Amino acid sequence: MAEGIEREREILRPLRERADVVVDTSLLTAAMLRRKLTEELLPTKTPGRLAVTFQSFGFKYGPSRDADLLFDVRFLPNPHYELQLRQLTGADPEVVAVHQP
């Protein structure tokens, strides 16, 4: 997993260097990320709203046709296949620990 993350960082390095804003999502929930993006990217007098939807899918059925961005994280360990983790959610500390480098 660490090797995959490092490779991704290397590929994205030129883009990151050009970025005006970089958001570390490591410890953010979906609600926290939505709030952060709204604060960072939307002017205070914007009449519209920013909508960000995170959706999990299986490649067996294909991604949503409405997706603007798609991140393939199949290289991450899947807690569903660990019997002691199967009944837990991604918010449980035991599951989070599985994804720590």
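Residues numbered from 1 in each chain as written. Predicted model: local features only at pLDDT ≥ 70, side-chain atom pairs only at ≥ 80, totals over all residues. Heavy atoms only, no water.

## Looking at the overall build of the protein
- Across its full length, the protein holds 3 helices and 0 strands.
- When the 101 residues of the protein are sorted by exposure, 5% land in the buried category.
- For the protein, restricting intrachain contacts to residue pairs at least 6 apart in sequence, the fraction spanning at least 24 positions comes to 21%.
- Carbon and sulfur atoms provide 53% of the accessible area of the protein, an area that totals close to 9400 Å². (Helix = DSSP H or I, 4+ residues; strand = E, 2+ residues; numbered from the N terminus. Buried < 20%, exposed > 50% of the residue type's maximum accessible area, 1.4 Å probe, protein only. Contact = heavy atoms within 4.5 Å. Areas by Shrake-Rupley, 256 points an atom, 1.4 Å probe, with all protein chains shown as cover.)

## Some remarks on the pattern of salt bridges
- Taken as a whole and assessed by the stated rule, the structure comprises 1 salt bridge.
- Between Glu 10 and Arg 13 there is a salt bridge, with its nearest N and O atoms 3.8 Å apart. Here Arg 13 and Glu 10 lie together in helix α1 (residues 2–18), a separation of 3 residues that amounts to about one turn.
- A residue is classified by how much of its surface remains accessible, and Glu 10, at 49% relative accessible area, is partly exposed. (Salt bridge = Lys/Arg side-chain N within 4 Å of Asp/Glu carboxyl O.)

## Looking at the environment of Ala 91
- By secondary structure assignment, the location of Ala 91 is in the loop between α2 (30–41) and α3 (93–98).
- The exposure class assigned to Ala 91 is exposed, which follows from its relative accessible area of 66%.
- Between the C-alpha atoms of Ala 91 and Thr 29, which are 62 residues apart in sequence, the distance is 9.0 Å.

## Notes on a nonpolar patch on the surface
- A cluster of nonpolar side chains, contributed by Leu 69, Phe 71, Val 73 and Phe 75, occupies part of the molecular surface with about 450 Å² of accessible area.
- Structurally, Phe 75 can be placed in the loop between α2 and α3. (Patch = residues over 30% accessible without salt bridge, like charges linked within 9 Å, V, L, I, M, F, W, Y side chains within 5 Å.)

## Regarding α1
- Compared with an ideal rise of 1.5 Å per residue, which puts 17 residues at 24 Å, α1 spans 24 Å between its outermost C-alpha atoms and is within 8% of the ideal.
- Bending of α1 peaks at approximately 55° at the position of Leu 12, with proline Pro 14 no more than four residues after it. (Expected span 1.5 Å × (residues − 1). Bend = angle between axes of the 7 residues up to and from the residue.)

## Some words on the confidence of the model for the protein
- Model confidence for the protein is summarised by a mean pLDDT of 80, while 89% of its residues fall at 70 or above.
- Averaged over each element, pLDDT in the protein is lowest for α3 (80) and highest for α1 (90). (pLDDT = per-residue confidence, 0-100.)

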